[in-house]
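The residues making up each chain are set out below.
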Amino acid sequence: ETGVTQTPRHLVMGMTNKKSLKCEQHLGHNAMYWYKQSAKKPLELMFVYSLEERVENNSVPSRFSPECPNSSHLFLHLHTLQPEDSALYLCASSRNRHSTNEKLFFGSGTQLSVL
Amino acid sequence: KNQVEQSPQSLIILEGKNCTLQCNYTVSPFSNLRWYKQDTGRGPVSLTIMTFSENTKSNGRYTATLDADTKQSSLHITASQLSDSASYICVTNNAGNMLTFGGGTRLMVKP
């Protein structure tokens, strides 16, 4: 186990649904991240939080809404998604935000299918 | 534009054999390069991190090399095991702490 737990592992939702992905880290890290991994494409950074403040948002559509209530928890709220949003959503954490030689610890991901 | 290209896209080898995965990058300025292993249905797990001054680093049967002049890295797996079947992802970090991910090499080890 990496110390980063994501729930649910699998999620199927319709385009009109609202759902949330949850991530929890037990490592005492200060930075948390959401990544999207589509089939046969490199990982794409979506959001970065450092000490609970959002410091980076890589032009992600507003139908994805992150929330970081404390340094151990991260949520990704989903609403009115499109079928092309189907992907593996990975949460990661690091001691500090992306500093040199900082190792990322990933959760197992939520495999999302939008019908 | 920062890019990381990996080859081959996929590879099948027999158990016990060695293999080498390649990574070419155009990231500048370069800070470090990482290799991750991602099992099916799991998140990536770090194997090695190398700065520009390091040209080889080992982690068990995995040995990564880095040539900062030619901007190439390789991951060599010795005496492969069935559990080595996974995707291997090359990631670069530039001096601005931006990570660029490669598309990965999918390795299958057959008995």
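Computed from a prediction, not measured in an experiment: that's the story for all the values here. (Residues numbered from 1 in each chain as written. Chains lettered and ligands numbered in written order. Predicted model: local features only at pLDDT ≥ 70, side-chain atom pairs only at ≥ 80, totals over all residues. Heavy atoms only, no water.)

(A) Region of the structure containing the interface of chain A and chain B. Taken together, the contact between chain A and chain B spans 20 residues of the former and 21 residues of the latter. When chain A packs against chain B, the two sides together hide about 1600 Å² of surface, and 51% of this comes from carbon and sulfur. Between the two partners, chain A and chain B, sit zero salt bridges. Here chain A is connected to chain B by four residue pairs in polar contact (both at pLDDT 80 or more). Elements represented by at least two residues in the side of chain A that touches chain B include exactly β4 (31-37) and β9 (87-94) of chain A. Here the side of chain A that touches chain B is built from residues that sort into seven nonpolar, eight polar and five charged. (Contact = heavy atoms within 4.5 Å. Buried area = accessible area lost by both parts, 1.4 Å probe. Salt bridge = Lys/Arg side-chain N within 4 Å of Asp/Glu carboxyl O. Polar contact = N/O pair within 3.5 Å; in protein donor to acceptor, adjacent residues only side chain to side chain. Helix = DSSP H or I, 4+ residues; strand = E, 2+ residues; numbered from the N terminus. Nonpolar A, V, L, I, M, F, W, Y, C, P; charged D, E, K, R; others polar.)

(B) Quick peek at unusual backbone geometry. The omega torsion of the bond from T7(A) to P8(A) falls at -10 degrees, within 30 degrees of zero and hence cis. Turning to its location among the elements, P8(A) is positioned in the loop between β1 (4-7) and β2 (10-13). Here the amide bond leading from S7(B) into P8(B) is cis, since omega sits at -10 degrees, within 30 degrees of zero. Tracing the chain through its elements places P8(B) in the loop between β1 (4-7) and β2 (10-14). Its identity as a non-glycine residue notwithstanding, L51(A) has a phi of 50 degrees, on the positive side. By the secondary structure assignment, L51(A) is in the loop between β5 (44-50) and β6 (53-57). The phi angle at K71(B) is positive, at roughly 60 degrees, despite the residue not being glycine. As for its placement among the helices and strands, K71(B) is situated in the loop between β7 (62-67) and β8 (72-77).

(C) Main features of the packing of aromatic side chains. Residue and element names in this part refer to chain B. One pass over the full model with this rule turns up seven aromatic pairs over all chains. Geometrically, the ring pair formed by Y25 and F30 is stacked, given 4.9 Å between the ring centres and 20 degrees between the ring planes. The pair formed by Y25 and F30 is uniform in burial state, with each residue classed as buried. Here the basic side chain of R61 rests over the ring of Y62, its NZ or CZ set 5.8 Å away from the ring centre. (Phe/Tyr/Trp six-rings, centres within 6.5 Å; stacked < 30°, edge-to-face > 60°. Buried < 20%, exposed > 50% of the residue type's maximum accessible area, 1.4 Å probe, protein only. Lys NZ or Arg CZ within 6 Å of the ring centre and 35° of its normal.)

(D) Here's a closer look at the pattern of salt bridges. All names here are of chain B. Tallied over the entire structure, the rule returns six salt bridges over all chains. Between R61 and D84 there is a salt bridge, with the nearest N and O atoms lying 2.8 Å from each other. Of this pair, R61 sits in the loop between β6 (56-59) and β7 while D84 sits in the loop between β8 and β9 (86-94), and the two are 23 residues apart along the sequence. Overall, the relative accessible area of 24% leaves R61 in the partly exposed class.

(E) Just the sheet that holds strand β3 (residues 18-25) of chain A, in detail. Residues and elements named next belong to chain A. Strands sit in the order β1-β3-β8-β7 across an open sheet of four strands; the sheet is antiparallel. In the strand order of this sheet, the two ends are held by β1 and β7 (64-70), each with one partner. On average, each strand axis in the sheet is tilted by 20 degrees relative to the strand beside it, whichever way the strands run. In terms of strand pairing, β7 meets strand β8 (residues 73-79) through five bridges, oriented antiparallel. Along β8, the bridge assignment pairs P66 with L76. (Pairing = 2+ DSSP bridges. Axes fitted to C-alpha atoms, helices over the stretch in contact; angles between N-to-C directions.)

(F) Fine view of the confidence of the model for chain B. With 98% of its residues at a pLDDT of at least 70, chain B reaches an overall mean of 93. Element-level pLDDT for chain B is lowest in strand β10 (residues 99-101) of chain B, with a mean of 91, against a maximum mean of 98 in β8(B). (pLDDT = per-residue confidence, 0-100.)

(G) Seen up close, the side chain of S74(B). Residues and elements named next belong to chain B. Inspection of the secondary structure assignment puts S74 in strand β8. At 2.5 Å, the side chain of S74 and the side chain of T65 are in polar contact. Leave out the neighbours within four places in its chain, and S74 touches T20, L21, Q22, W35, T63, A64 and T65.

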